[in-house]
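Close look at the chain arrangement
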Amino acid sequence: MPMSNQGIGRILGHGSAGDAVASPSPARIGPNAVIQTGQALSALYGVGAARLIFESAGLGRHLEAPPTSMVDEHEPVALFAAIRAMLPPAEADRVLAEAGYRTAHYILDHRIPPLARKILPKLHPAIASRLLVSAIARHAWTFAGSGVFRGRVMDWTKPRVRLEIVGNPLATPGCPWHGAVFQRLFGTLCGSAATARHLECCASGQNRCVTELLCTGT
Ligand SMILES: [Zn+2]
C-alpha cells in the first residue's frame with residue numbers, strides 16, 4: 001500500500017505533490033483493496049454472504065487465503081462490481097466505504113512510519129497535508145492501478161487537498177472506497193475534521209475522479 005516504512009525521511013523525500021505516477025504493466029493494485037473488502041463484507045453481512053459475493057466475482061480463493069502481494073487490478077474491479085450487482089446501491093456504498101475505512105486503518109497501522117504518525121498531526125494542516133500528498137503521489141499506483149494520480153494542496157490558511165485519478169479503474173459512483181481511504185488518512189494525519197467531496201467521477205462518465213478534502217486541524 002501507499003507508504004514506505006523507512007521513516008519520515010521518505011515522506012520528506014524528493015517527490016512533489018504534483019507528480020503523476022503511472023502503474024507498472026500489467027496494472028496491479030494493493031491487496032488490501034481485496035482483503036479489507038472481504039473483512040468489511042464479513043463484518044457487515046457474515047462470512048457466508050462474503051463468500052457468495054467473492055465467488056460471484058471469481059475470487060473465492062482469496063477469502064480462504066488472502067493475497068499477500070499486489071493483485072491484478074481486475075480482481076478488485078470485479079469484486080466491487082459484484083458488490084454493486086448483488087446489494088442495493090446504499091448498502092453497496094456502505095460496504096465499499098467500510099472497506100476503504102479499514103484499508104486506511106491498515107495503512108496507518110502498518111505503512112505509515114511511526115515517526116510520521118507522531119509528527120504529522122502536530123504540524124499545521126497546510127504543511128502536513130502537503131507532505132502526505134507528496135508521499136501518496138510516489139506510491140499512488142498501489143491504489144490507483146492503471147489510473148494516473150495527481151495531488152495538490154491549495155491555500156495555506158484553509159488547506160484544500162485535491163486528489164485526482166485519471167481513468168480510475170476502481171471507480172464506482174461517488175467512489176465511497178476512495179473517499180473513505182482519503183478521509184481517514186487525511187483526517188487522522190492532517191486534521192481531525194477533514195471532510196471529503198467527490199467532485200468528478202469516472203463512474204459517471206467523466207474521464208477522472210476528483211476528491212477534495214478540507215483539513216481544518218484539531
Ligand atoms: Zn469516482
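Naming follows an unreviewed UniProt entry, where the protein appears as Divinyl protochlorophyllide a 8-vinyl-reductase of Rhizobium rosettiformans.

Angle between the axes and distance between the axes: these two values describe a pair of packed helices. Their axes nearest at 7 Å, the elements helix H6 (residues 89-110) and helix H10 (residues 176-190) cross at an angle of 35 degrees. In this structure, H6 meets H10 at a crossing whose hand is right-handed. Of H10, the residues touching H6 (which contributes Asp93, Leu96, Ala97, Ala99, Gly100, Tyr101, Thr103, Ala104, His105, Ile107 and Leu108) are Pro176, Trp177, Ala180, Val181, Arg184, Leu185, Thr188 and Leu189. When the residues that make up the contact of H6 with H10 are grouped by side-chain class, the tally is 13 nonpolar, four polar and two charged.

This paragraph deals with unusual backbone geometry. For aspartate 155, which is not glycine, the phi dihedral falls at a positive 75 degrees. With respect to the helices, strands and loops of the structure, aspartate 155 is situated in the loop between strand S3 (148-154) and strand S4 (160-166). The class of aspartate 155 is partly exposed, set by a relative accessible area of 37%. A positive phi angle, near 45 degrees, is found at cysteine 175, a position not held by glycine. Summarising the element assignment, cysteine 175 is placed in the loop between S4 and H10.

Turning our eyes to something else, we now look at helix H3 (residues 47-56). Every buried residue belonging to H3 is among Ala50, Ile53 and Phe54, and all of these are buried. Taken around the axis of H3, the buried residues stretch over an arc of 100 degrees, which confines them to a single face. Elements that come into contact with the buried residues of H3 comprise helix H2 (32-45), helix H4 (60-64) and helix H5 (74-86). In the stretch just after H3, glycine 58 is the one whose phi turns positive, near 75 degrees.

Counted according to the given criterion, the structure contains three aromatic pairs. Measuring from centroid to centroid gives 5.6 Å for phenylalanine 143 and phenylalanine 182, while their planes differ by 80 degrees, and the two rings are edge-to-face. You can see phenylalanine 143 sitting in helix H9 (residues 141-144) and its partner phenylalanine 182 sitting in helix H10, a full 39 residues away along the chain. Among the residues examined, phenylalanine 182 registers a relative accessible area of 2% and is labelled buried. Through a chain of ring-to-ring contacts, three or more aromatic side chains come together here, namely Phe143, Phe149 and Phe182.

A full pass over the atoms with the stated rule returns zero disulfides. With no disulfide of its own, cysteine 215 lies 5.2 Å from the sulfur of cysteine 190, the closest cysteine sulfur. Relative accessible area serves as the criterion here: at 2%, cysteine 215 is assigned to the buried category.

Let us now look at H6. Between its first and last C-alpha atoms H6 spans 31 Å; for 22 residues at 1.5 Å apiece the expected length is 32 Å, and the two agree. The complete set of buried residues in H6 reads Ala92, Val95, Leu96, Ala99, Gly100, Thr103, Ala104, Ile107 and Leu108. Among the structural elements, H2, H5, helix H7 (114-119) and H10 are those in contact with the buried residues of H6.

Attention now moves to the environment of leucine 41. The residue leucine 41 is located in helix H2 in this model. You can call leucine 41 buried: its relative accessible area is 0%. Separated by ten residues in the primary sequence, leucine 41 and arginine 51 have C-alpha atoms spaced 8.9 Å apart.

The element strand S6 (residues 208-214) is largely enclosed, with a buried count of five among its seven residues. Summarising the sheet, S4 and S6 pair through seven bridges and their orientation is antiparallel. Following the sheet pairing, isoleucine 165 is matched in S6 by cysteine 209. Pairing of strand S5 (residues 195-200) with S6 involves five bridges; the strand directions are antiparallel. Across the sheet, the residue bridging to alanine 196 is leucine 213, located in S6.

Definitions and cut-offs
All residue numbers refer to positions counted from 1 along the written sequence of the respective chain. Reporting in this predicted model follows two pLDDT cut-offs: at least 70 for local features of residues, and 80 or more for side-chain atom pairs to be given and counted; totals over whole chains, interfaces and linings ignore these cut-offs and use all residues. Based on all heavy atoms of the structure, the side-chain values leave hydrogens and waters out of the count. For helices, the axis comes from a line fit to the C-alpha atoms of the stretch in contact; other axes are also lines fit to C-alpha atoms, and the angle between any two N-to-C directions lies between 0 and 180 degrees. To qualify as a helix, a DSSP run of H or I must reach at least 4 residues; to qualify as a strand, a run of E must reach at least 2; elements of each kind are numbered from the N terminus. Handedness of a crossing follows from how the near helix is turned relative to the far one, being left-handed for an anticlockwise turn of less than a right angle and right-handed for a clockwise one. The contact rule is simple, with two residues in contact once any of their heavy atoms fall within 4.5 Å. The residue classification treats Ala, Val, Leu, Ile, Met, Phe, Trp, Tyr, Cys and Pro as nonpolar and Asp, Glu, Lys and Arg as charged. All others, Gly included, are polar. Buried, partly exposed and exposed residues are distinguished by accessible area as a fraction of the type maximum, computed with a 1.4 Å probe on protein chains only: under 20%, between the cut-offs, and over 50%, respectively. It is the directions from the helix axis to the C-beta atoms that the arc portrays. The rule is short: rings of Phe, Tyr and Trp, with Trp giving its six-membered ring, pair when the centres are within 6.5 Å, and they are stacked under 30 degrees, edge-to-face over 60, tilted in between. Working definition: a disulfide is two cysteine sulfur atoms within 2.5 Å of each other. An expected span of 1.5 Å times one less than the residue number is assigned to each helix. Any two strands with at least two DSSP bridges between them are considered paired.

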